[in-house]
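A look at the structure
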Amino acid sequence: MTGKTITEKILSEKSGEDATAGDYVEATVDAMVTHDVTGPLTIDVFEDVTGEDAALAAPENVVFTLDHHAPADGVQAANNHNIVREFAAEYGANQYEISDGICHQVMIEEGFVEPGDLVIGADSHSTTYGGLGALGTGVGSTDLGTAFATGELWFRVPETIRFEVEGDLPDGVYAKDLILRFIGDVGFAGATYKTAEYGGSAIRDLPIHQRLVLSNMAIEMGGKAGIVEPDDRTATYLEEQAGLEVGVDPDLAADDGASYEAVYTYDGDALAPQVSKPSNPENAVDVGETAGTGIDQVFVGTCTNGRYEDIRVVADALAGEQVAPNTRLIVVPASRAVYQRCLETGVLEALVDAGATFQSAGCGPCFGTHQGALGDGDVALATANRNFPGREGSMESRVYLGSPATAAATALYGEITDPREIETTRYDDHAVSDVGVVR
Amino acid sequence: MSVDGTGRAWVFGDDIDTDQITPSRFLVSSDPDELGEHAFNDLRPEFADDVEPGDFVVAGENFGSGSSREHAPLSLVGAGVAGVVAQSFARIFFRNAINLGLPVLLCPGVGEIDDRAEISIDVDEGFVYDHDEEIRYDAEPLPPFLQDLVDQGGLKPYTRRKLESAD
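The structure displayed is predicted, hence computed values, not measured ones. Residues take numbers from 1 onward in each chain, read along the sequence in its written order. Labels follow written order: the first chain is A, the first ligand is 1, and so on. In view of the model being predicted, local features appear only for residues whose pLDDT reaches at least 70, and side-chain atom pairs are presented and counted only at 80 or more, with totals across whole chains, interfaces and linings using the full set of residues. Water and hydrogen atoms were dropped before computing side-chain values, which therefore reflect all heavy atoms in the structure.

Another point: the pairing of strand E1 (residues 24-28) of chain A. All names here are of chain A. Side chains Val-25 and Ala-27 project from E1 onto a buried face, and the interleaved Tyr-24, Glu-26 and Thr-28 project onto a face without burial. The criterion for strand pairing is that DSSP finds at least two bridges linking the strands in question. The secondary structure listing takes helices from DSSP runs of H or I that are at least 4 residues long and strands from runs of E that are at least 2 residues long, numbered from the N terminus. Taken together, the five bridges between E1 and strand E7 (residues 152-156) define a ladder with antiparallel strand orientation. Its bridge partner being in E7, Val-25 is matched across the sheet by Phe-155. Here's how the labels work: a residue is buried when its accessible area is under 20% of the maximum for its type, exposed when over 50%, partly exposed in between, all with a 1.4 Å probe on protein chains only.

This is the structure we're talking about:
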């Protein structure tokens with residue numbers, strides 16, 4: 001008998017069938033999420049299919065956040081927020097407020113995701129949950145609205161591409177650099193309809209907040225999901241972050257002999273910090289190739305890299321320093337909990353003292369409509385997941401993608417800077433710890 | 001030749017993402033007509049004014065990459081687009097388009113079609129015909145599971161029947 005990938009195991013479990021890549025299955029969904037942009041359309045679909053006897057199949061598993069236009073930047077956005085609030089109240093769904101943060105971070109902090117779960121969201125970065133060993137995937141509003149009604153959805157069981165990283169990542173190199181390199185190698189559409197499965201000693205050594213980065217950006221190579229095998233570190237993280245006590249099923253790992261469409265292997269020790277040039281995430285190069293590029297705006301945040309540990313890296317680099325003249329630094333925590341931790345630890349004060357703009361939790365400039373939108377000719381470096389044309393504002397602006405460490409170094413000098421060139425004591429002395437790992 | 005429709009081809013290149021189909025600032029609406037007025041707003045500002053009902057969008061590789069926003073295919077429906085033909089599609093866009101009843105054909109080679117060329121598409125037979133160049137492009141057939149879903153009227157009718165049978 002051939003072995004199974006994690007994806008095949010989860011979809012078999014949730015569908016009650018012996019599912020392998022290429023099969024179509026109907027599977028029970030463990031949690032569903034939408035937000036202020038895709039939520040109103042999802043509500044329309046749900047009401048369209050259910051009619052008068054409308055009821056959510058499992059209201060306790062349905063989550064709404066208000067994160068893209070948070071706080072509302074206009075009347076239509078405010079009205080959409082009210083549509084969501086009223087629907088959630090009427091149908092007994094979970095609803096989080098404009099201050100609470102980005103859907104994917106809220107889902108994790110509030111304990112809606114466990115290893116082995118099948119989670120769908122009307123947001124393409126629902127792949128993030130793979131960092132916890134769940135199968136998370138983005139769907140449209142029709143898929144989600146019908147799943148609201150039935151608790152189920154059809155899936156094609158995807159093939160899997162495996163990324164194996166052995167060794168130890170050098171100082172200044174993070175999961176963000178790894179995923180930019182993967183996308184650069186596979187291509188923007190290289191994993192379309194497939195799961196990216198991440199393994200190897202360097203991946204196992206990653207703290208959970210970094211594993212989430214790998215999974216978050218699986219969609220940037222077209223992936224349906226991006227999964228890291230869950231382990232004891234996952235369980236500890238969920239206990240600390242979400243108060244969840246979960247045992248991790250040792251069988252929730254890829255079998256020996258699992259079938260992969262391709263396997264990419266990397267020597268983690270040899271990796272340099274990566275930057276993706278405009279205007280596609282696949283344009284990944286060693287940071288040195290872009291060094292010296294003048295940057296008008298640095299943005300640290302998003303569902304990719306807006307967690308406390310990310311912002312802490314920036315604060316440690318900037319503490320006692322000033323953001324470079326003619327460069328602006330915008331920091332947006334991914335959630336209220338992240339904001340509070342920045343407040344309690346002095347990170348917020350250090351950043352504001354350094355000249356940063358620190359905004360309330362949400363998607364911030366990554367949605368491109370408000371709170372830091374870029375003007376014609378602006379050049380930015382962001383810790384976000386996308387640098388499409390016009391993504392953060394003007395079609396005449398350009399966005400580079402990098403890690404929080406690269407963002408910090410860039411904010412200090414006003415030009416793209418290799419994070420290994422700023423004094424490592426600035427951030428390593430205050431190393432971010434996460435579940436026993438100090439990096 | 002039986003065809004589902006004949007219209008002009010609006011030709012786009014590779015990697016057209018959903019931000020370019022429907023820029024973020026227009027996502028405050030869920031109304032197809034309103035969204036249709038802003039389809040390709042920044043990429044081809046003349047599109048919404050000049051597109052005629054029955055025209056087609058023709059694209060290269062990886063059309064609809066990026067966001068899950070169903071507003072993107074919905075804006076094409078609102079603009080009167082009769083179908084999207086591409087060399088390849090991003091996963092979520094493809095699924096969303098089928099769910100909305102917007103015909104999508106996966107069709108190698110169509111990136112060669114000239115902008116504004118007169119073309120016909122036939123979804124059942126699975127081909128695109130370029131009248132200007134007199135070239136036929138054969139589409140890849142939908143997988144049987146998806147074809148069955150489309151034949152049943154799409155995911156919404158399928159779900160309604162499922163809910164009724166559960167009562």
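Past the structure itself, the notes keep going.
Before going further, it helps to spend a moment on the UniProt feature "binding site: [4Fe-4S] cluster" (unreviewed entry) in chain A. Residues and elements named next belong to chain A. UniProt positions are given in the numbering used here, feature names are shortened, and annotations may be inferred rather than shown by experiment. The UniProt entry lists Cys-303, Cys-363 and Cys-366 under the feature "binding site: [4Fe-4S] cluster" (unreviewed entry), expressed in the numbering used here. For this annotated set, covering 64 residues, all C-alpha atoms fall within 9.5 Å of each other, a compact arrangement in space. Relative to the assigned elements, Cys-303 resides in helix H10 (residues 302-305). Of the residues examined, Cys-303 reaches a relative accessible area of 10% and is grouped as buried. Residues within four places of Cys-303 in sequence aside, it is in contact with Ile-102, His-104, His-125, Asn-216 and Asn-385. Residue classification places Cys-363 among the buried positions, given a relative accessible area of 9%. Whether two residues are in contact is decided by their heavy atoms, any of which lying within 4.5 Å being enough. Setting aside anything within four residues of it in sequence, one finds Cys-363 in contact with Asp-67, His-68, Ile-102, Phe-299 and Thr-302.

Below, the discussion takes up the sheet that holds strand E5 (residues 118-121) of chain A. All names here are of chain A. In space, the five strands of this open sheet follow the order E4-E3-E2-E5-E6, with parallel pairing throughout. Both edges of this open sheet fall to strand E4 (94-95) and strand E6 (135-138), since each of them pairs with a single strand only. Pairing analysis gives two bridges linking strand E3 (residues 62-64) to E4, with the strands arranged parallel. Bridging from a neighbouring strand, Val-63 pairs with Asn-94 of E4.

Attention shifts here to the interface of chain B and chain A. Taken together, the contact between chain B and chain A spans 42 residues of the former and 46 residues of the latter. When chain B packs against chain A, close to 3700 Å² is buried across both sides, 58% of that on carbon and sulfur atoms. By definition here, a salt bridge exists when the distance from a side-chain nitrogen of Lys or Arg to a carboxyl oxygen of Asp or Glu is within 4 Å. Inspection of the region where chain B meets chain A yields six salt bridges. Arg95(B) is paired through a salt bridge with Asp143(A); the nearest N and O atoms lie 2.7 Å apart. Polar contacts, as used here, are pairs of N or O atoms within 3.5 Å; protein pairs need one atom able to donate a hydrogen and one able to accept it. Residues neighboring in sequence count only if both atoms are side-chain atoms. Here chain B and chain A share 20 residue pairs in polar contact (both at pLDDT 80 or more) between them. Counting residues per element, the ones that place at least two in the side of chain B that touches chain A are helix H1 (18-21), helix H4 (71-78), helix H5 (91-100), helix H6 (144-151) and helix H7 (155-166) of chain B. Only Asp, Glu, Lys and Arg are considered charged in this grouping, and only Ala, Val, Leu, Ile, Met, Phe, Trp, Tyr, Cys and Pro are considered nonpolar; every other residue, Gly among them, is considered polar. Residue composition of the side of chain B that touches chain A, by class: 16 nonpolar, 13 polar and 13 charged. Once two parts are joined, some of their accessible surface, as seen by a 1.4 Å probe, is lost; buried area is that loss totalled over both.

What follows covers a negative patch on the surface. A surface patch of negative charge is lined by Asp4(B), Asp124(B), Glu125(B), Asp148(B) and Asp151(B). Tracing the backbone through its elements, the reader meets Asp4(B) in the segment before strand E1 (5-11). Candidates for patches are residues over 30% relative accessible area with no salt bridge; among them, like charges are joined within 9 Å and nonpolar side chains (Val, Leu, Ile, Met, Phe, Trp, Tyr) within 5 Å. Where accessible areas are quoted, they stem from the Shrake-Rupley method and a 1.4 Å probe; at the residue level, only the protein chains shown are allowed to cover. Here Asp and Glu are counted as negative and Lys and Arg as positive; His is not counted, and neither are the chain ends. Lys charges are placed at NZ, Arg charges at CZ, Asp charges at CG and Glu charges at CD.

What follows deals with the packing of H4(B) against H5(B). All names here are of chain B. To get an axis, a line is fitted to the C-alpha atoms, and for a helix only the part in contact is used. The angle between two axes follows their N-to-C directions and goes from 0 to 180 degrees. One way to put it is that H4 packs onto H5 with a least axis distance of 9 Å and a crossing angle of 45°. Considering their axes alone, H4 and H5 lie oblique with respect to each other. For the pair H4 and H5, the sense of crossing is right-handed. Listed contacts from H5 to Ala-72, Pro-73, Leu-74 and Leu-76 of H4 are Phe-93, Asn-96, Ala-97 and Leu-100. Oblique is the label for any angle not under 35 degrees, not over 145, and not in the 65 to 115 range, which are roughly parallel, roughly antiparallel and roughly perpendicular in turn. The sense of a crossing depends on the near helix, which, turned anticlockwise from the far helix by less than a right angle, makes the crossing left-handed and, turned clockwise, makes it right-handed.

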